[in-house]
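The chain contents come next:
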Amino acid sequence: MPQSPGADMSDAGRRLHVFDMDGTLLRGAATIALARHFGKPTVGNDIESRWLAGSISDREFWETLLDICAEATEADLDAAFESACWMTGTVDVFTDIRARGEIAIVITQSPAFFVRRLQRWGAHETYGSDVEIGRPLPDAATLSPEAKVKITQDALTRHNLTAQACVAYGDSSSDLDLFTWLPHAVGVNPSPAIAQLASASYVGTDLREAYSIGRRLLSSTGVGTI
């Protein structure tokens, strides 16, 4: 469980927490949550399974999702976001990170229009695939696994931190590059490949437990500042 803002701060210091979203903060995928909310769960499940299998192009995937959400208002998207199946304690974790003066960012291959809503829950920065409703789809819209590393490196530089002061939380193939590079990484309901690379793993539905593991990893090495 995360400590409250008034709890023991003996491991205090600036840290960077990097979260994946689908399968890590969200129990499932944003695509499926959106499709379910807009009454097209079969279509959502179909394109998600085909994307994971590599049998659908990125463009076809995103065009189908944009078609599902074509008539959505901001209120509709808010409702889809709120009704998605989030890990228990997600807001508590962001709140605790902010209370400690630390930084939380979320980097995901899901669409930017969905992930940026996590800033309302306390995430400092969010990064997603370059997909927006009502805007032409770019040729290279999908955020790559390599981009997760670059975004994290840029955040560390901006906050004058080293990789030793950073912990990542993720579950699947899009996190492999980040988990290979960072010294501290928590697998959250991880795939076998992620579990092998992770410093430690958590299996369950309470993000606060995974976050507690991440805090212990950071506490074991001292804060790395530039």
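Quick caveat, the model's predicted, so the values are computed rather than measured.

Caption draft 1: Layout of the nonpolar core. One finds Phe19, Met21, Trp86, Phe114 and Leu118 to be the most contacted residues of the largest nonpolar core, which totals 49 residues. Ranked by residue count, the leading element in this core is helix H10 (residues 207-219), at 6 residues. When near neighbours in sequence (up to four residues on either side) are disregarded, leucine 118 contacts Met21, Leu25, Phe81, Trp86, Phe94, Val106, Ala123 and Thr126. Grouped together as the second largest cluster of nonpolar side chains are 21 residues, Leu16, Ile107, Ala163 and Leu178 included.

Caption draft 2: Looking closely at the environment of serine 173. Position of serine 173 relative to the elements: it lies in the loop between strand E4 (166-170) and helix H8 (176-181). According to the relative accessible area criterion, serine 173 is exposed, its value standing at 54%. On a C-alpha basis, the gap between serine 173 and asparagine 189 in space is 13 Å, while along the polypeptide they are 16 residues apart.

Caption draft 3: Summary view of the pattern of salt bridges. All told, the structure shown has 18 salt bridges when counted by the stated rule. Measuring nitrogen to oxygen at the nearest pair gives 3.1 Å for the salt bridge that ties aspartate 139 to arginine 59. Taken together, the residues span a long stretch of sequence, with aspartate 139 in the loop between strand E3 (125-129) and helix H7 (145-158) and arginine 59 in helix H3 (residues 58-68) at a distance of 80 residues. Here the residues in one salt-bridge network are Glu74, Asp78, Arg117 and Arg120, joined through shared partners.

Caption draft 4: Geometry of the layout of surface pockets. One number sums up the size of the largest pocket: a volume of about 470 Å³. Together, 23 residues line the largest pocket, and Glu48, Leu52, Gln109, Ser172 and Ser174 are the ones closest to its centre. Where the lining of the largest pocket is concerned, the elements lending two or more residues are helix H2 (41-53), H3, strand E2 (103-111) and H7. Looking at the lining of the largest pocket, the element that brings in the most residues is E2, giving 4 residues.

Caption draft 5: Focus on the state of the cysteines. Throughout the structure, instances matching the rule amount to 0 disulfides. Distance from the sulfur of cysteine 69, which forms no disulfide, to the nearest cysteine sulfur (cysteine 85) is 18 Å. On the basis of relative accessibility, which here comes to 36%, the residue cysteine 85 falls in the partly exposed class.

Caption draft 6: Molecular detail of the packing of helix H1 (residues 30-37) against H2. Their axes nearest at 7 Å, the elements H1 and H2 cross at an angle of 165°. Our classification of the angle between H1 and H2 gives roughly antiparallel. Two packed elements cross with a definite hand, and for H1 against H2 that hand is right-handed. Counted together, Thr31, Ile32, Ala35 and Arg36 of H1 and Pro41, Gly44, Asn45, Ile47 and Glu48 of H2 form the full contact between these two elements. Split into classes, the residues belonging to the contact of H1 with H2 amount to 4 nonpolar, 3 polar and 2 charged.

Caption draft 7: Region of interest: empty space enclosed by the protein. Overall, the coordinates contain 1 cavity of 30 Å³ or more when judged by the stated rule. Of the pockets and cavities examined, the largest cavity occupies roughly 30 Å³. When residues of the lining of the largest cavity are traced back to their parent elements, those giving at least two are strand E1 (16-19), E4 and H8. At 3 residues, E4 tops the list of elements feeding residues into the lining of the largest cavity.

Caption draft 8: Highlighting the confidence of the model for the protein chain. For the protein chain, the average pLDDT comes to 92, and 92% of its residues sit at 70 or higher. Across residues 1-12, where pLDDT falls below 50, the model places 17 contacts with residues more than four positions away in sequence or in other chains.

Caption draft 9: Focus on H1. Among the 8 residues in H1, 6 count as buried, and that is most of the element. If you check which residues of H1 are buried, you get Ala30, Thr31, Ile32, Ala33, Leu34 and Ala35. In this structure, the buried side of H1 is in contact with H2, H3, helix H4 (74-83), E2 and helix H6 (112-115). The positive-phi residue at the C-terminal boundary of H1 is glycine 39, with phi of around 80°.

Conventions and cut-offs
- Counting starts from 1 at the beginning of each chain's written sequence and moves along it residue by residue.
- Local features are withheld for residues below a pLDDT of 70 in this predicted model, meaning they are given only at 70 or higher, and side-chain atom pairs are given and counted only at 80 or more; totals for whole chains, interfaces and linings count all residues.
- Processing note: side-chain calculations cover all non-hydrogen atoms of the structure and skip hydrogens and water entirely.
- By nonpolar core is meant a set of buried Ala, Val, Leu, Ile, Met, Phe, Trp, Tyr and Cys residues that side-chain atoms within 4.5 Å join together.
- Buried means the residue's accessible area, taken with a 1.4 Å probe over protein chains only, is under 20% of the maximum for its type, while exposed means over 50%, and partly exposed covers the values in between.
- Under the DSSP-based scheme used, a helix requires at least four consecutive residues in state H or I and a strand at least two consecutive residues in state E, with every element numbered from the N terminus.
- Here, residues are in contact when the closest pair of their heavy atoms is within 4.5 Å.
- A carboxyl oxygen of Asp or Glu within 4 Å of a side-chain nitrogen of Lys or Arg is what we treat as a salt bridge.
- Method remark: on a 1 Å grid restricted to protein atoms, a set of points is classed as a cavity if a 1.4 Å probe fits but cannot get out and as a pocket if it is open with protein on both sides within 12 Å along at least five of seven lines; lining residues have an atom within 4 Å of a point.
- Grid points are joined across faces, edges and corners, and a volume is the space filled by probe spheres set on the points.
- Disulfide: a pair of cysteine sulfur atoms within 2.5 Å of each other.
- Axis definition: a line fitted to C-alpha atoms, over the contacting stretch in the case of helices. Angles run 0 to 180 degrees between N-to-C directions.
- Roughly parallel means an angle under 35 degrees; roughly antiparallel means over 145; roughly perpendicular covers 65 to 115; every other angle is labelled oblique.
- Put simply, a crossing is left-handed when the front helix is turned counterclockwise from the back one by less than a right angle, and right-handed when it is turned clockwise.
- For this classification, Asp, Glu, Lys and Arg are treated as charged, while Ala, Val, Leu, Ile, Met, Phe, Trp, Tyr, Cys and Pro are nonpolar and the rest, including Gly, are polar.
- Confidence scores here are pLDDT values: one per residue, from the predictor, ranging 0 to 100.

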